[in-house]
Amino acid sequence: MLRVLCLTVAYWVSGWLCLQLAIPPGYVTGLFLPLGIGLAAMLIWGNHLLFGVLLGSSLLNISVALVGAQTLTIPVVTLALLIASSSAFACFCGVWLVRRYVGFPNELTSGRDILWLFLLGGAATALISATAGTAVLWWQGVINSHQIVFSWATWWVGDALGVLIAVPLMCVFFAEPRYLWRNRRATLAVPVIFSCLAMVVVFIIASNNEHKKVEVKFAQEASLITGAVRSSLLSVEQTLATLAGLFVASQDVSRDEFAIYVEQIVAKKQGISGFSWNIELTANVRGSFEAAMRAQGFDNFVIRERTASGEAIVAPPRANYVVITYIEPWQEGQAIHGFNVAADPVRAQAITRANSSGQFAMTQPLQLLQDKVSAPAVIAFYPVTPLGKMNSLEVSNSPYVMGYATAIVRTNQLINASLQQLPVANRVSRSLISNSINPLQHYTLSITDVTQPDAPLHFYHQGQTVVPTDAEHLVLTEKLNIGGRRLELQVTPTDAFLQTQHGLQSWFVLVGGLLFCSLLGGFLLLISGRTQQIHNLVEQRTRELAAILENAVEAILVVNSNGKIEKANPAAARLFGYSLAHLYRLELTDLLPSVADNIGVNHLLDASREQLARRSDGSNLTVELSISPVDLAERQMFSLIIHDVTERKKVEQLKAEFISTVSHELRTPLTSIKGGLRLVLSGELGVINEKIHSMLKIAANNTDRLSRLVNDILDIDRLELGRVELSLQLQPLFPLLKQAVEQHISYADRYAVRLYLVEPDPALQEVKVKLDADRFLQVMSNLISNAIKFSPRDSQVSIHVMPVEQGIEIAVKDEGQGIPAAFRQRIFSRFAQVDSSDSRHRDGSGLGLSITKVLVERMGGSIRYESEENRGTCFFVRLSCLWP
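What you see is a predicted model, and the numbers here were worked out from it, not measured in a lab.

### Some thoughts on the environment of Leu59
Part 1: Summarising the element assignment, Leu59 is placed in helix H3 (residues 50–69).
Part 2: Along the sequence, Leu59 and Trp12 sit 47 residues apart, while their C-alpha atoms lie 6.6 Å from each other.
Part 3: Residues contacting Leu59, with those up to four places away along its chain left out, are Thr8 and Trp12.

### As for the packing of aromatic side chains
Part 1: Under the counting rule described, the total for this entry stands at 13 aromatic pairs.
Part 2: When the ring of Phe258 is compared with that of Tyr326, the centres are 5.6 Å apart and the planes differ by 35 degrees; the resulting orientation is tilted. Taken together, the residues Phe258 in helix H9 (residues 255–266) and Tyr326 in strand E6 (residues 320–328) connect sequence positions 68 residues apart. Like Phe258, the residue Tyr326 is buried in the burial classification.
Part 3: Plain terms: the ring middles of Phe381 and Tyr404 are 6.3 Å apart, the flat faces sit at 85 degrees to each other, and that makes the pair edge-to-face. Separated by 23 residues along the polypeptide, Phe381 in strand E8 (residues 378–384) and Tyr404 in strand E9 (residues 403–409) bring together distant segments of the chain.
Part 4: What makes Tyr404 buried here is its relative accessible area of 0%.
Part 5: Within the aromatic cluster, the residues linked to one another by ring pairs are Phe247, Phe258, Trp277 and Tyr326.

### Things to note about the packing of helix H4 (residues 74–101) against helix H5 (residues 111–139)
Part 1: Axis separation between H4 and H5 bottoms out at 9 Å; the angle between their running directions is 160 degrees. When the interaxial angle is binned, H4 and H5 end up roughly antiparallel. Of the two possible hands of crossing, H4 and H5 adopt the one that is right-handed.
Part 2: Of the residues that constitute the contact of H4 with H5, the class distribution is 18 nonpolar, six polar and one charged.

### So, the sheet that holds strand E7 (residues 361–362)
Part 1: Reading across from one edge, E6-E3-E9-E8-E7 is the order of the five strands in this open sheet, with antiparallel pairing throughout. Two strands close off the open sheet at either side, each with one partner strand: E6 and E7.
Part 2: Looking at chain direction, E8 and E9 are connected through seven bridges and run antiparallel. Across the sheet, the residue bridging to Ile379 is Ile408, located in E9.
Part 3: Across the sheet, helix H8 (residues 185–249) touches strand E3 (272–282), E6, E8 and E9, and the angle it forms with E8 is around 40 degrees.
Part 4: Packed on one face of the sheet, helix H10 (residues 286–295) meets E3 and E6 and runs near 15 degrees to E6.

### Considering the side chain of His337
Part 1: With respect to the helices, strands and loops of the structure, His337 is situated in the loop between helix H11 (330–333) and helix H12 (345–357).
Part 2: Judged by its relative accessible area of 6%, His337 falls in the buried class.
Part 3: Polar contacts involving the side chain of His337 include one to the main-chain carbonyl oxygen of Thr325, which spans 2.6 Å.

### Here we look at the sheet that holds strand E21 (residues 768–771)
Part 1: Read from one edge of the open sheet, three strands run E19-E21-E26, paired in antiparallel fashion. Each end of this open sheet is capped by a strand with a single partner; those strands are strand E19 (729–732) and strand E26 (881–882).
Part 2: With four bridges connecting them, E19 and E21 associate as antiparallel partners. Counted as the bridge partner of Gln731 is Val769 from E21.

### Remarks on the environment of Asn340
Part 1: Note on placement: Asn340 falls in the loop between H11 and H12.
Part 2: Expressed as a C-alpha distance, the spacing of Asn340 and Val323, which sit 17 residues apart in the sequence, is 4.5 Å.
Part 3: What Asn340 contacts, discounting residues up to four positions off in sequence, is Ile303, Arg304, Glu305, Arg318, Asn320, Tyr321, Val322 and Val323.
Part 4: Separated by 3.1 Å, the side chains of Asn340 and Glu305 make a polar contact.

### Section: a nonpolar patch on the surface
Part 1: On the surface, Leu2, Leu5, Val9, Trp12, Val13, Trp16, Leu17 and Leu59 cluster together into a nonpolar patch covering about 780 Å² of accessible area.
Part 2: Given the relative accessible area of 34%, Leu59 is considered partly exposed.

### As for the pairing of E6
Part 1: Taking burial as the measure, the nine residues of E6 include eight buried ones, the bulk of the element.
Part 2: Where E3 meets E6, eight bridges bridge the pair, whose relative direction is antiparallel. Each bridged residue has a counterpart across the sheet, and for Phe275 the counterpart in E6 is Glu328.

### A word on H10
Part 1: When H10 is considered as a whole, its buried residues turn out to be Arg286, Phe289, Glu290 and Met293. With its buried residues spanning 95 degrees around the axis, H10 presents them on a single face.
Part 2: Taken from the residues just after H10, Gly297 is the one with a positive phi, measuring 110 degrees.

What counts, and where the lines are drawn
Residues numbered from 1 in each chain as written. Predicted model: local features only at pLDDT ≥ 70, side-chain atom pairs only at ≥ 80, totals over all residues. Heavy atoms only, no water. Helix = DSSP H or I, 4+ residues; strand = E, 2+ residues; numbered from the N terminus. Contact = heavy atoms within 4.5 Å. Phe/Tyr/Trp six-rings, centres within 6.5 Å; stacked < 30°, edge-to-face > 60°. Buried < 20%, exposed > 50% of the residue type's maximum accessible area, 1.4 Å probe, protein only. Axes fitted to C-alpha atoms, helices over the stretch in contact; angles between N-to-C directions. Parallel < 35°, antiparallel > 145°, perpendicular 65-115°, else oblique. Left-handed = near helix turned anticlockwise from the far one by under 90°. Nonpolar A, V, L, I, M, F, W, Y, C, P; charged D, E, K, R; others polar. Pairing = 2+ DSSP bridges. Polar contact = N/O pair within 3.5 Å; in protein donor to acceptor, adjacent residues only side chain to side chain. Patch = residues over 30% accessible without salt bridge, like charges linked within 9 Å, V, L, I, M, F, W, Y side chains within 5 Å. Areas by Shrake-Rupley, 256 points an atom, 1.4 Å probe, with all protein chains shown as cover. Salt bridge = Lys/Arg side-chain N within 4 Å of Asp/Glu carboxyl O. Arc of directions from axis to C-beta.

As structure tokens, this is what we get:
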């Protein structure tokens, strides 16, 4: 339960930290460590940690949802649980795949295991989590269909990188065996952690640079919008000034002249829905004015006003009137023709400002008299004075104000028209505004009339009502004074702007850097694993070698180039009669006096293997040395294996004495016995009965057998000692083969075996071989006699001559029982016989093949055999030859 709780907290905290690197729409990130942490925890401690993944993911997703929703609702909890379930399912599948195809616990020292861990635990597990999680977000309406591919790809990349980075780190700190993983912390964990932190820092820097670019771009384009708004409002003043010029130039302007002028000069101004001429009257000229207007064709003309309830009535007597005299377009404005606009308090305030200042004045947002539905609009008044009197206006009801050139401005139409023209005016800027049909798709523009700060009025609004979370710092606010009104302009970006402006450069920097970190982790995981494996192997081999050295029967010494003993085993201490501690204080010359007169140990490499050694008690012994130089980085060492050959010398002495006895003491009486038996069997000493003859014949055969054994013993000894001199001469081979066959015809008849020489090609019959004829006949005799002895009755033994590469090969083939597999390794050994029991049926000393092999090799050839049990054996003798 403690592990589940710890995993829950680790999942939650690491997920929250990773989501700080998220990019819009804010639900996915380029690095998501929790999936890797959960996967590794389940691999290390078991599947019950799945509950920690489920709880941690639920808490993480609920906290993320609360940031935007601010309240905990059933849909929020449902979404969090669905995403948590998909993450837990992905972890479960990943753990099953890794255990099935990689195996865990695993020391991860094999490149194959690491690769499959990354593929199955990283790519495959992330594929499951990204697919399930993105499907949940789309199903719940959190993302739209256009965001599915990007969200899935980012989710998959983040989860995969999280697994590739988190799993090795989790193993380093928590996996078993601890001694193995603990040693990899410095070589694996430290570089990976620091490289990941460095990549995050680089990402933050790159992301900040992108945000700064977005801020600059927003500031530039928002300034263009506010400038367009300012220009559009100021253009109303300019237009009215133009219209006012008509009445200044001609104080008696007719209705038709007004209509023509408006149509030709000022009516083309977009966003202004109407123009009017509002004349200023006093009470004493009201009657004449109304009569004059009726005379111009306006039947029943009378100055009117509108009551509070909206009913039109005849204007009551007043000191002054500002009457709508002319209005264009007439069809839309005839309903308000003749109205006294000064009777309305809002319009009266603007008229008063225009009259007192002699400048353009604008009303606050109001409801137009001709509109039946609410629509934002303002009325702009431009005072008209006679020529020469424009700078001598007096305060309040100046007799020099003729009237007001008036514009009816529908703010939405005016500002939208100005923004629609912005791409044309901004050809130099390659901004989003110059590339879009409606710039307000990317921006929200809000204008508030703050002339009275305590009672602000809505002037204009277009775009999103709620500012996106990622754009809360992107706000441009500007103050504008126009027509006596104070306006506050505020521009903020919309989601469309953020979607188009958020580049993926920083995201690619993060993903690319973390991918490098994960590959670095995999490489270090492999290298550190191999290093640890080698370290463990070296320790194991060191222990094994130490055990071998300690328990070796032979004496072993390790000395430096100066002859100082640096290592010795107990066998050396026993051989020389010293303790191990005392041996380390000695030099090689103390044990091998023959080294004393030489410059060092190097000469022993070329010296005789046998040396005279000295024990601690001063006694001498003969030893055999085996010296191996060991070249280290800074010095040269020598290992000596010392074998006491005292007993062997005694055996060799006994052998020499035995050979001498055989040669002198045994051979002479055997010759006499053999000669006497042959003389008796020949009948020259008289006829003997059949029983005595049979017994004497057996004795004679055994005497021959014993004589051959003595000769073989002497031959093998002389051959091994190199005392036999061979007379190698170039001579024909085929006659020698015929001679060898003829010598064994009678022997073959005794065993009822057919012996024959296969006639070779004429060219082979003339071939010459460099050999010793007598020894070659001895070789052929051994091979042919063996073949005959081991052949069944009525079988055959054949001798073949065949040409081979750079020589000739002689084959002796029989049809016997073959050589047993267990006997083949020692077929050429001394005294080796297939049947070595006392009751064997075939005679022989077991030295024939050994002698044959030595003789063939002394003549520069080689011998081999092929055998198949119950099918026969064939011996091949290869010799160099001279072709005719």
